[in-house]
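Residue strings, one per chain:
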Amino acid sequence: MPQWLQAGLWGLLAGGALVAGAAVAWLVRVPARMIAAIMAFGAGVLISALSFELIDEAEQSGGLGAAATGFLAGAVLYVAANAWLARHGARHRKRSGDQQAGERQQEGNGAAIAIGALLDGIPESVVLGLSLLHGSGVGVAVLAAVFISNVPEGLSSASGMKKAGRDARYVFGVWSGIALAGGIAAAIGNLTLGAASPAVIAIITAVAAGAILAMVADTMIPEAFEQAHLLTGLITTLGFLTAFTIERLGD
């Protein structure tokens, strides 16, 4: 099987966790505190992965300057795009409560939420595609981190969409589309960067890592803290430790 196709399938699998989380939220009434706890755990998992896998690898292959520049650029790009989307109704796209406005309250915010979800997922998918370029298979720690964190993302956001009056076609259409887009992004990343220099790959990896960290801080941690409060730090730490353990056992 071509490597780019493998990357696409891994990206699709990781994105499928969003659909799974959305399905749980749609079919089962999950308590807000539980959603917050799962979100906090997912945030810790992603922070661990970008710390010990992404930014560390970028620094080792491209140097501190390239890694730092890419990391900051990724965060700036994400925050700028997120700010624009927030003005169009996507600010609370990962909230499980009644913060999300329906289409009647703010026209066009459904499209903004969908684009925001795409913005959140693409950096993770690109990283999965890049991880295969080393020739040793997909990065298990990164794959596990993305998959584990995607479940609460889909769970929380779909719960909020449901409370905002979105129908099943919209909710599952969004998350299925994001999962498919994730697979395509992973395949394209692998296919187009196969001949790129280590420095270029390092910068792109760092950009993705910066975007992921900004996403965690802007959209995941606020949802977690709103309900979990004093337990947020502990649950996030458990998520971090889980991902760190997976990464070390995979070495």
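Here, every reference points to the structure presented above.
Cut-offs applied
- Starting afresh in each chain, residues are numbered from 1 along the sequence in its written order.
- Per-residue local features are limited, in this predicted model, to residues with pLDDT of at least 70; the limit for side-chain atom pairs, both in listing and counting, is 80 or more; totals at the level of whole chains, interfaces and linings are taken over all residues.
- Based on all heavy atoms of the structure, the side-chain values leave hydrogens and waters out of the count.
- Working definition: helices are DSSP H or I runs of at least four residues, strands are E runs of at least two. Numbering for both runs from the N terminus.
- Remark: exposure states derive from per-residue accessible area (1.4 Å probe, protein chains only) relative to the maximum for the residue type, with buried under 20%, exposed over 50%, and partly exposed in between.
- Whether two residues are in contact is decided by their heavy atoms, any of which lying within 4.5 Å being enough.
- Note on areas: Shrake-Rupley with a 1.4 Å probe; residue coverage comes only from the protein chains shown.
- Expected helix span is taken as 1.5 Å per residue step, with the number of steps being one fewer than the number of residues.
- Values of bend correspond, residue by residue, to the angle between axes fitted over the seven residues ending at that residue and the seven starting there.
- Fitting a line to C-alpha atoms yields each axis, with helices limited to the stretch in contact; the angle taken between N-to-C directions then spans 0 to 180 degrees.
- An angle below 35 degrees is read as roughly parallel, one above 145 as roughly antiparallel, one from 65 to 115 as roughly perpendicular, and any other as oblique.
- Whether a crossing is left-handed or right-handed is set by the direction in which the near helix is turned from the far one by less than a right angle, anticlockwise for left-handed and clockwise for right-handed.
- Note that Gly is not counted as nonpolar here; it falls among the polar residues with everything else outside the nonpolar set of Ala, Val, Leu, Ile, Met, Phe, Trp, Tyr, Cys and Pro and the charged set of Asp, Glu, Lys and Arg.

> Which residues make up the overall build of the protein chain, and what values do they have?
If you tally the helices and strands in the protein chain, you get eight helices and zero strands. Counted from the first residue to the last, the protein chain has its helices and strands arranged as α-α-α-α-α-α-α-α. Within the protein chain, the fraction of its 251 residues that count as buried is 48%. In the protein chain, the proportion of contacts linking residues at least 24 apart, taken out of those at least 6 apart, comes to 84%. Roughly 11,200 Å² of accessible area belongs to the protein chain as shown, and the carbon and sulfur atoms make up 69% of that amount.

> Explain helix α2 (residues 32–62) to me, and be specific about the residues and the numbers.
Compared with an ideal rise of 1.5 Å per residue, which puts 31 residues at 45 Å, α2 spans 42 Å between its outermost C-alpha atoms and is within 8% of the ideal. At Leu50, α2 shows its largest bend, some 40 degrees. Downstream of α2 by one or two residues, Gly63 has phi in the positive range, about 95 degrees.

> Can you explain the environment of Phe52? Please cite residues and give values.
Mapped onto the elements of the fold, Phe52 is located in helix α2. Given the relative accessible area of 29%, Phe52 is considered partly exposed. Not counting residues up to four positions away in its chain, the partners in contact with Phe52 are Phe240, Phe244, Glu247 and Arg248.

> Tell me what's going on with the environment of Ile204, and back it up with residues and numbers.
Within the secondary structure, Ile204 is located in helix α7 (residues 198–228). Using a relative accessible area of 27% as the deciding quantity, one classes Ile204 as partly exposed. Here the alpha-carbon distance between Ile204 and Val126, two residues 78 residues apart in the chain, equals 8.8 Å. Those residues in contact with Ile204, other than ones at most four positions away along the chain, are Val126, Leu130 and Leu193.

> Any details on the packing of helix α1 (residues 3–27) against helix α6 (residues 168–192)? Residues and values, ideally.
Where α1 contacts α6, the axes come no closer than 7 Å and their chain directions differ by 160 degrees. It follows from the interaxial angle that α1 and α6 lie roughly antiparallel. When you trace α1 past α6, the crossing you get is right-handed. A per-class count over the contact of α1 with α6 returns 18 nonpolar, nine polar and no charged.

> Give a detailed account of the packing of α1 against helix α5 (residues 140–163), specifying residues and quantitative values.
Between α1 and α5, the shortest axis-to-axis distance is 7 Å and the interhelical angle comes to 35 degrees. Between α1 and α5 lies a crossing whose hand is right-handed. For the pair α1 and α5, the contacting residues are Trp10, Leu13, Ala14, Gly15, Ala17, Leu18, Gly21, Ala22, Val24, Ala25 and Trp26 in the first and Leu143, Val146, Phe147, Asn150, Val151, Glu153, Gly154, Leu155, Ala158, Ser159 and Lys162 in the second. Partitioned by chemical class, the residues of the contact of α1 with α5 number 15 nonpolar, five polar and two charged.

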